[in-house]
Amino acid sequence: QVQLVESGGGLVQPGGSLRLSCAASGSIFSINAMGWYRQAPGKERELVARITRGGSINYTDSVKGRFTISRDNAKNTVYLQMNSLKPEDTAVYYCNAHIYLGSNYYDYWGQGTQVTVSS
């Protein structure tokens, strides 16, 4: 069984920083893409940032220049460094991983971590 465990959310003032972490564990052969999504109240879940095993990265336009995604393949962990946070970044952030279990690839999600940007 595979689990994604997130950490690092919280309350921060505008302009502040937070770092999210997501560690995958279980019977994992390999992980292809890992990413972060977010869902604000009343809105659809959207992609924030995504990184492939080879290091290719894409960001949604609203976070470019402020957020940085990275991963440690040896630890099956993905990070999201969020700087210059804005109130509109407030959302539940979800980790996603595209994982190979030996027979096929499957998508897994973390439980979500709340990020609130407010003064």
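Notes on the structure in this doc start here. Values in this document were obtained by computation on a predicted structure and should not be read as measured data.

### Focus on the packing of aromatic side chains
Two descriptors summarise a pair of aromatic rings, namely the distance from one centre to the other and the angle between the planes of the rings.
Now for step 1: Counted according to the given criterion, the structure contains 3 aromatic pairs.
Now for step 2: Pairing Phe 29 with Tyr 100 gives two aromatic rings, centres 6.0 Å apart and planes at 80 degrees, and the pair type is edge-to-face. Taken together, the residues Phe 29 in the loop between β3 (18–25) and β4 (30–39) and Tyr 100 in strand β9 (residues 91–100) connect sequence positions 71 residues apart.
Now for step 3: Judged by relative accessible area, Phe 29 falls into the exposed class, the value being 61%.
Now for step 4: Residue classification places Tyr 100 among the partly exposed positions, given a relative accessible area of 26%.
Now for step 5: An aromatic cluster of at least three residues, connected via ring pairs, comprises Phe 29, Tyr 100 and Tyr 105.
Now for step 6: Stacked on the ring of Tyr 79, the Lys or Arg Arg 19 has its end atom at 4.2 Å from the ring centre.
Now for step 7: Across the ring face of Trp 109, the terminal group of Arg 45 is positioned such that the distance to the ring centre comes to 4.7 Å.

### Details of the state of the cysteines
Now for step 1: Counted under the stated rule, the structure contains 1 disulfide.
Now for step 2: Across a sulfur-sulfur distance of 2.1 Å, Cys 22 and Cys 95 are joined as a disulfide pair. Classification of the bridge connecting Cys 22 and Cys 95 rests on its S-S torsion, roughly -80 degrees, and on that basis the disulfide is left-handed. Taken as a pair, Cys 22 in strand β3 and Cys 95 in strand β9 lie far apart in primary sequence, 73 residues in all. Of the two residues, Cys 22 and Cys 95, neither departs from the other in class, the shared state being buried.

### A short note on the environment of Ala 49
Now for step 1: Turning to its location among the elements, Ala 49 is positioned in strand β5 (residues 46–51).
Now for step 2: For Ala 49 and Cys 95, which are 46 residues apart along the polypeptide, the C-alpha to C-alpha distance reads 9.9 Å.

### A few points about the nonpolar core
Now for step 1: With 29 residues, the main nonpolar core has Trp 36, Val 48, Phe 67, Val 78, Leu 80, Met 82 and Tyr 93 as its most contacted residues.
Now for step 2: Contributions of two or more residues to this core are made by β3, β4, β5, β7 (67–72), β8 (77–82), β9 and β11 (113–117).
Now for step 3: Among the elements that take part in this core, β9 stands out by supplying 5 residues, more than any other.

### Observations regarding the pattern of salt bridges
Now for step 1: A complete count under the given rule lists 4 salt bridges for this structure.
Now for step 2: Two residues, Lys 64 and Asp 61, come together in a salt bridge whose shortest N-O distance is 2.9 Å.
Now for step 3: Taking the relative accessible area as the measure of exposure, Lys 64 reaches 47% and is therefore partly exposed.
Now for step 4: Here Arg 66 ties to Asp 89 by a salt bridge, and the two come within 2.8 Å at their closest N and O atoms. Of the two residues, Arg 66 sits in the loop between β6 (57–59) and β7 while Asp 89 sits in the loop between β8 and β9, which places them 23 residues apart along the sequence.
Now for step 5: On the basis of relative accessibility, which here comes to 10%, the residue Arg 66 falls in the buried class.
Now for step 6: Take Asp 89: its relative accessible area is 1%, and that puts it in the buried class.
Now for step 7: Where salt bridges share partners, they join Arg 38, Glu 46, Arg 66 and Asp 89 into one cluster.

Rules behind the numbers
- Residues numbered from 1 in each chain as written.
- Predicted model: local features only at pLDDT ≥ 70, side-chain atom pairs only at ≥ 80, totals over all residues.
- Heavy atoms only, no water.
- Phe/Tyr/Trp six-rings, centres within 6.5 Å; stacked < 30°, edge-to-face > 60°.
- Helix = DSSP H or I, 4+ residues; strand = E, 2+ residues; numbered from the N terminus.
- Buried < 20%, exposed > 50% of the residue type's maximum accessible area, 1.4 Å probe, protein only.
- Lys NZ or Arg CZ within 6 Å of the ring centre and 35° of its normal.
- Disulfide = S-S within 2.5 Å.
- Core = buried A, V, L, I, M, F, W, Y, C linked by side-chain atoms within 4.5 Å.
- Salt bridge = Lys/Arg side-chain N within 4 Å of Asp/Glu carboxyl O.

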